[in-house]
Amino acid sequence: MKRKIPLLITFLVGVIIIISEFIPHKPFGQISGELEKWYLIIAGFAIILGQLSLFKVNLFKIRHRQKNWQFFILTLLSFILMVSIGIFWGTENHPGIFGNGETISNTIGTKPFDYLFDNVYQNLQATMFSLLAFFIASAAYRAFIARTLESSLLLVAAILVMLGNTSLGSALTGWLPESLKFLHLPRISEFIMKYPTTAGQRAIMIGAAFGIIGSSLRIILGIERSYLGGK
Amino acid sequence: MEHFFSVLGIWLGVLFTFAIFSFLYKDNPVYKVAEQIFVGLSAGYWFVYTIYFILIPNLFDPLINDFAGNWIKLIPAVLGIMMLMRLMPKTGWVSRFPIALVIGTTSGVFFLRYLKSDVINQLTATMMNPFTGGDWVVIIGQIMLIVGTLTGVIYFYFSKKHEGAFGATAKVGIYFLMISFGAAFGYTAMARISLLIGRLQFLLGDWLGIISP
């Protein structure tokens, strides 16, 4: 029962959604629309489950004094801080349970949630991702060794695209006469993006889509059951 | 007072920027502090976002404002609470029911969405006359588009051994995929560098005032 009913729910819901595409009339269209709204609500609870699970895992690490446990206290504190001020005084367009917190907003210039978001969260996020600029450079040093034709194509395509999108690329080939304009670096970059890159991306998209379609069918038909847990 | 908090905000930003950049030297406690604060704030942000932008408009507001017309939303609400029971090991199995509904809906939606947008639409866009629509550069490009897509798809067919004419075709597909990966890498590298430039602008402009923002 604990496995058969969920499998039946998955089958029925999946089949109704697919049928509603071909018969968009009552009752399929209506049920499908309602199911998609339900999905949004349950997915919202799933996100909250994820956050609470993170809280639980960190609490476990602290309680059992696992390696670097002191740092996880900060995770919990910052989580509690962000959630509390968000729920108490709301966000930019939403009041919290204590209203809009005008007194605090007048003092710090904005709502506390937005203050924390703009000054701490956004800076942390942007720096964390910008850090990848350094690592991507070292990855490029290792990947861009023209040993084979394949790696040479990778190297040439990356360099041409990067050069073509900078002012340097434009300056390097800006002197070319009108008859050789197709060799202008920005135009080569545009050509690479528009044709061979699109072709490669299209092949990947089609291949991946067949994989997703196959997996969806396996789930709907109950062949793939790993999402239920256990064997 | 507002000016003080504005300056404090910039200093907080600078502090955390340097804390994250300290990882370039090596993994250190300062970086770990910033990293964990980022994880906590990120989780907290999405928690609040989910409440204000998903649950309140789609569940709580309709139930409070017109219960008679929206009582059916109690079903996903109950399923949502059942989902949260996964946090307790003894009642974790209850979450299988809402998960089944989410997985079933996702499978149905993905089946249709990917079939339409990533298979039919992409194949339709590839089925064109390459010899129309412009000068010789465009014609070469369009031929490359057709050949690249077909050979790329052939490369992804692993049920047949890649040898002979089939293997040679798949090899051409690899070349197109490599160009695609190279271009994607170039774009990613540029996006990351532009983020780095943004951080430098923040440090040199907003913080030190050496350059105008």
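1. Examining the overall build of chain A
- In terms of regular secondary structure, chain A is built from 10 helices and 0 strands.
- Here the C-alpha atoms of chain A give a radius of gyration of 27 Å, more than 25% beyond the 17 Å that 2.2 N^0.38 yields for 231 residues.
- Expressed along its principal axes, the backbone C-alpha trace of chain A runs to roughly 70 × 55 × 45 Å.
- In chain A, 31% of the contacts between residues at least 6 apart in sequence involve partners at least 24 apart.
- When the accessible surface of chain A is totalled, it reaches about 12,600 Å², and 67% of it is carbon and sulfur.

2. Remarks on a nonpolar patch on the surface
Residues and elements named next belong to chain A.
- Taken together, L8, F11, L12, L217, L221 and I223 make up a surface patch of nonpolar side chains, about 550 Å² in accessible area.
- Element by element, the count of residues in the nonpolar patch is highest for helix α1 (residues 4–22), at 3 residues.
- Examined against the element boundaries, L221 turns out to sit in the segment after α10 (196–220).
- In this structure L221 comes out as exposed when scored by relative accessible area, which is 53%.

3. Observations concerning the interface of chain A and chain B
- Between chain A and chain B, the contact holds 113 residues from the first and 116 residues from the second.
- In total, chain A and chain B occlude about 10,900 Å² of area from one another, counting both sides; carbon and sulfur atoms represent 81% of this.
- It is A:F45, A:L124 and A:R202 that lose the most area in chain A upon contact with chain B, and together they represent 7% of the buried surface on that side.
- Across the contact surface, chain A and chain B share 2 salt bridges.
- Our enumeration of links across chain A and chain B arrives at 17 residue pairs in polar contact (both at pLDDT 80 or more).
- For the side of chain A that touches chain B, the element with the highest residue contribution is helix α2 (residues 28–63) of chain A, accounting for 20 residues.
- Residue classes in the side of chain A that touches chain B are distributed as 74 nonpolar, 29 polar and 10 charged.

4. Observations regarding the domain arrangement of chain A
- Domain parsing of chain A yields domain 1 (1–54), domain 2 (67–130) and domain 3 (141–228).
- Inter-centroid distance (C-alpha atoms) of domain 1 of chain A to domain 2 of chain A is 33 Å.

5. Considerations on helix α2 (residues 29–65) of chain B
- Between the first and last C-alpha of α2(B) there are 50 Å, a value that for 37 residues agrees with the 54 Å anticipated at 1.5 Å per step.
- In α2(B), a bend of some 65° at B:I56 exceeds every other bend along the element, and B:P57, a proline, comes one to four places later.

6. With respect to unusual backbone geometry
All names here are of chain A.
- Looking along the chain, the bond that leaves K26 and enters P27 is cis, with omega of 0°.
- Here P27 lies in the loop between α1 and α2.
- Located in the positive-phi region is R65, a residue other than glycine, with phi close to 50°.
- Looking at the secondary structure, you find R65 in the loop between α2 and α3 (69–89).
- According to the relative accessible area criterion, R65 is exposed, its value standing at 54%.
- Phi angles above zero are rare outside glycine, and N68 is one such case at about 60°.
- Position of N68 relative to the elements: it lies in the loop between α2 and α3.
- By relative accessible area, which is 29% here, N68 ends up partly exposed.

7. Observations regarding the nonpolar core
- Counting residues in hydrophobic clusters, the biggest one holds 28 residues, and the most contacted among them are A:I17, A:L35, A:I42, A:Y227, B:M83 and B:L101.
- Elements represented by at least two residues in this core include exactly α1, α2 and α10 of chain A together with α4 (74–84) and α5 (96–126) of chain B.
- Ranked by residue count, the leading element in this core is α5(B), at 8 residues.
- Of the residues that make up this core, three or more belong to each of domain 1 (1–54) and domain 3 (141–228) of chain A.
- Among all residues touching A:Y227, those that are not within four sequence positions of it are A:P6, A:L7, A:T10, A:I219, B:I99, B:A100 and B:I103.
- With 24 residues, the next largest nonpolar core counts A:L116, B:V48, B:Y52 and B:L196 among its residues.

8. Observations regarding the packing of aromatic side chains
- Going through the model one piece at a time under the given rule, you end up with 28 aromatic pairs over all chains.
- With 5.1 Å between their ring centres and 75° between their planes, B:Y45 and B:W46 make a pair best called edge-to-face.
- By relative accessible area, B:Y45 is classed as buried at 16%.
- For B:W46, a relative accessible area of 38% translates into the label partly exposed.
- The lysine or arginine in question, A:K61, covers the ring of A:F72, its NZ or CZ lying 4.4 Å from the ring centre.
- Over the face of the ring belonging to B:F166 we find B:K160, whose NZ or CZ atom lies 5.6 Å from the ring centre.

9. Quick notes on helix α7 (residues 164–207) of chain B
- In this model α7(B) runs 63 Å from its N-terminal to its C-terminal C-alpha over 44 residues, within 8% of the 64 Å that 1.5 Å per residue would give.
- Looking one or two residues beyond α7(B), the residue adopting positive phi is B:G209, at roughly 70°.

10. Describing the packing of helix α7 (residues 149–164) of chain A against helix α9 (residues 185–194) of chain A
Residue and element names in this part refer to chain A.
- Where α7 meets α9, the axes come as close as 8 Å, and the angle between the chain directions of the two elements is 125°. Classed by the angle they form, the pair α7 and α9 counts as oblique. The element α7 and its partner α9 pack so that their crossing is left-handed. Between α7 and α9, the contacting residues are L160, V161, L163 and G164 on the first element and L185, P186, I188, S189, I192 and M193 on the second.
- Among the residues making up the contact of α7 with α9, the classes are represented as 8 nonpolar, 2 polar and no charged.

11. Comments concerning the pattern of salt bridges
- This model, assessed by the stated rule, comprises 4 salt bridges over all chains.
- For B:K116, the salt bridge goes to A:E21, with nearest N and O atoms at 2.9 Å. Of this pair, B:K116 sits in helix α5 while A:E21 is found in helix α1, placing the two residues in two different chains.
- Between A:E150 and B:K171 there is a salt bridge, with the nearest N and O atoms lying 2.9 Å from each other. With one member in each of two chains, A:E150 in helix α7 and B:K171 in helix α7 form a pair that bridges those chains.
- The exposure class assigned to B:K171 is partly exposed, which follows from its relative accessible area of 36%.

Conventions we followed
- Residues numbered from 1 in each chain as written.
- Chains lettered and ligands numbered in written order.
- Predicted model: local features only at pLDDT ≥ 70, side-chain atom pairs only at ≥ 80, totals over all residues.
- Heavy atoms only, no water.
- Helix = DSSP H or I, 4+ residues; strand = E, 2+ residues; numbered from the N terminus.
- Rg over C-alpha atoms; globule rule 2.2 N^0.38 Å.
- Contact = heavy atoms within 4.5 Å.
- Areas by Shrake-Rupley, 256 points an atom, 1.4 Å probe, with all protein chains shown as cover.
- Patch = residues over 30% accessible without salt bridge, like charges linked within 9 Å, V, L, I, M, F, W, Y side chains within 5 Å.
- Salt bridge = Lys/Arg side-chain N within 4 Å of Asp/Glu carboxyl O.
- Buried < 20%, exposed > 50% of the residue type's maximum accessible area, 1.4 Å probe, protein only.
- Buried area = accessible area lost by both parts, 1.4 Å probe.
- Polar contact = N/O pair within 3.5 Å; in protein donor to acceptor, adjacent residues only side chain to side chain.
- Nonpolar A, V, L, I, M, F, W, Y, C, P; charged D, E, K, R; others polar.
- Domains from an automatic or database assignment.
- Expected span 1.5 Å × (residues − 1).
- Bend = angle between axes of the 7 residues up to and from the residue.
- Core = buried A, V, L, I, M, F, W, Y, C linked by side-chain atoms within 4.5 Å.
- Phe/Tyr/Trp six-rings, centres within 6.5 Å; stacked < 30°, edge-to-face > 60°.
- Lys NZ or Arg CZ within 6 Å of the ring centre and 35° of its normal.
- Axes fitted to C-alpha atoms, helices over the stretch in contact; angles between N-to-C directions.
- Parallel < 35°, antiparallel > 145°, perpendicular 65-115°, else oblique.
- Left-handed = near helix turned anticlockwise from the far one by under 90°.

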